[in-house]
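# Commentary on secondary and tertiary structure
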Amino acid sequence: MDEWRFAQCFGDKGEVEDITEADIISTVEFDHTGDYLATGDKGGRVVLFERNESKKGCEYKFHTEFQSHEPEFDYLKSLEIEEKINRIKWCKRQNASHFLLSTNDKTIKLWKVFEKSLKVVSENNLSASHPSPPSSLHLPPVVTPPHPSTTAGLRLPRMSHHDTIIAAVPRKVYANAHAYHINSISINSDGETYISADDLRINLWNLGISDQSFNIVDIKPVNMEELTEVITAAEFHPIHCNLFMYSSSKGTIKLADMRDSALCDKHAKQFEEEEDPSNKSFFSEIISSISDVKFSRDGRYILSRDYLTLKIWDVNMDNRPIKTINIHDHLRGKLCDLYENDCIFDKFECAFSGDGQHVMTGSYNNYFHIYDTDPSSTNDVVLQADKSAFKAKKIGGGKGGAGAGKIGAGGAGGKGGKKEDINLDAIDFNKKILHGSWHPRENTIAIAATNNLFLFSRLSS
């Protein structure tokens, strides 16, 4: 049996009470190779990790860190624009440099990250009155220069390599295109364009042009009092560059084709499941809002996450999902409390595995779940990205390895997975796994747990 195990943790290992707000991780993203991993935090910083080839297994080491966004103030609207990084997306690598997009609520930036050689002057015509360079630089000492009249002895200054650093420079800044908060960015499979989505509009950009974008979806009503839904997430199709999808707070997913018209308000397909009238309540609209959507790598399936469930859709069947996984069924009776403490508005992300066989999403108490995409399977692997991982605490009967766990069958129906045994009063709603990313080629998962980055890997026995 395959088993998931805790592999690594980056970040301060101190107690939760001491956490600085700026250190809380707000997005996690593997690049297309899986050799690099990026995190963004509420302090506007981007931290990159690279695979540690000297270690066995999938391990990472610090690569570089840079300040991507600074806090700003919109004087026209008297609004503070926080520096928190909402999304990071890697461009496919074309050369030795890395390019990645990062965005806060209003401004998207294209960053170039590359190795830069630092050089120092090693030889010149300085007079002997100038001191020799420090011995730490291993440079030749300054010699008495020839008289200027003897040009034969004059030398051109020479530079020598001193150090190599990782530099990050913003190549493009895409600003002033969104009136509302940006929730998603997605790079097209053509490698030239990308979309950015806010609450009411989706814009199409060319990576090389920062002062112009095309509005391709606009759901803003003429009268804002008639507003009934907002866009919650958007993503390009992984293969077909003309297709993209966006989800809404009404629980629908719309697939749009840019070949149809310049403005894609009329969707090509709408994925929606009719709600059982007997389940309707005051909270129905809030809990049906989709917080994240993802295409599978081949573009055949769509994964969507709302507050209580994770759904897998077949692109060819839009009337109902092929699998619905009840993640938070045990919280149905607590919706009133969750509304009062605002947890009902938590936006959990979801991810497909690289091979499309598994899906992953987070929950409370720093638990996250891994499920099979096979509709007949009820496997539910539950892992905890918590400090307990350092104390080698086993959960759910996982053998060996800190934080390892496998909670058996019944994940989809909430039976057999011991979900009904969960003590609701013991759940810490301040500890939640909202952000995660799955390695594109291996079974390694990166999880953001407050101010820590956890890595879990699956070992085949």
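Residues numbered from 1 in each chain as written. Predicted model: local features only at pLDDT ≥ 70, side-chain atom pairs only at ≥ 80, totals over all residues. Heavy atoms only, no water.

## Some thoughts on the nonpolar core
Nonpolar side chains tend to gather and get buried jointly when the protein is soluble and globular. Convention followed: Throughout, nonpolar core names a set of buried Ala, Val, Leu, Ile, Met, Phe, Trp, Tyr and Cys residues whose side chains join them through atoms within 4.5 Å. Here's how the labels work: a residue is buried when its accessible area is under 20% of the maximum for its type, exposed when over 50%, partly exposed in between, all with a 1.4 Å probe on protein chains only. Secondary structure elements follow DSSP: runs of H or I of four or more residues count as helices, runs of E of two or more count as strands, with numbering from the N terminus. Any two residues having at least one pair of non-hydrogen atoms within 4.5 Å are treated as being in contact.
The biggest cluster of nonpolar side chains holds 17 residues, and the ones touching the most others in it are Phe 368 and Ile 370. Counting residues per element, the ones that place at least two in this core are strand S1 (3-10), strand S26 (367-372), strand S27 (380-384), strand S29 (444-449) and strand S30 (452-459). Here Phe 368 is in contact with Met 360, Thr 361, Gly 362, Ser 363, Val 381, Val 382, Leu 383, Ala 385, Ile 433, Ile 445, Ile 447 and Phe 456, once residues within four sequence places are set aside. The next biggest cluster of nonpolar side chains, apart from the first, holds 15 residues, and it includes Ile 287, Leu 331, Ile 427 and Leu 434.

## Digging into the sheet that holds S29
Quick reminder of the rule: A pair of strands is considered paired only if DSSP assigns at least 2 bridges between the two. Angles here are taken between N-to-C directions and fall from 0 to 180 degrees, while the axes themselves are lines fitted to C-alpha atoms, restricted in helices to the stretch in contact.
Taken together, 4 strands build an open sheet; the order of strands is S1-S30-S29-S28 and the sheet is antiparallel. Each of the sheet's edge strands pairs with one partner strand only, and the pair in question is S1 and strand S28 (435-438). Averaged over neighbouring strand pairs, the angle between their axes works out to 20 degrees when direction is ignored. As defined by bridge partners, S29 adjoins S30 across 6 bridges and the pair is classed as antiparallel. Opposite Ala 446, over in S30, you have Leu 455 as the bridge partner.

## Comments concerning the packing of aromatic side chains
What counts here: Any pair of Phe, Tyr and Trp rings, taking the six-membered ring for Trp, is counted once the centres come within 6.5 Å. Such a pair is stacked with planes under 30 degrees apart, edge-to-face with planes over 60 apart, and tilted for the rest. Charge-over-ring contacts are defined here by two conditions on Lys NZ or Arg CZ: a distance within 6 Å of the ring centre and an angle within 35 degrees of the ring normal.
Throughout the structure, instances matching the rule amount to 24 aromatic pairs. The interplanar angle of 70 degrees and the centroid separation of 5.3 Å between the aromatic rings of Tyr 174 and Trp 205 together place this pair among those described as edge-to-face. Remark: Trp 205 occurs in strand S14 (residues 201-206) and Tyr 174 occurs in strand S11 (residues 158-174); sequence separation between them is 31 residues. With respect to class, Tyr 174 is no different from Trp 205; both count as buried. Pairwise contacts between aromatic rings join Phe 6, Phe 368, Phe 454 and Phe 456 into one cluster. Note that Lys 112 overlies the ring of Phe 114, its terminal NZ or CZ placed 4.9 Å from the centroid.

## Remarks on the pairing of S28
Where a strand is regular, its side chains alternate between the two sheet faces. What you see with S28 is no split at all: His 435 and Ser 437 on one side and Gly 436 and Trp 438 on the other are buried throughout. Note that S28 and S29 share 4 bridges and pair antiparallel. Counterpart to Trp 438 in the pairing with S29 is Ile 445.

No statement about biological role is implied by the geometric values presented.
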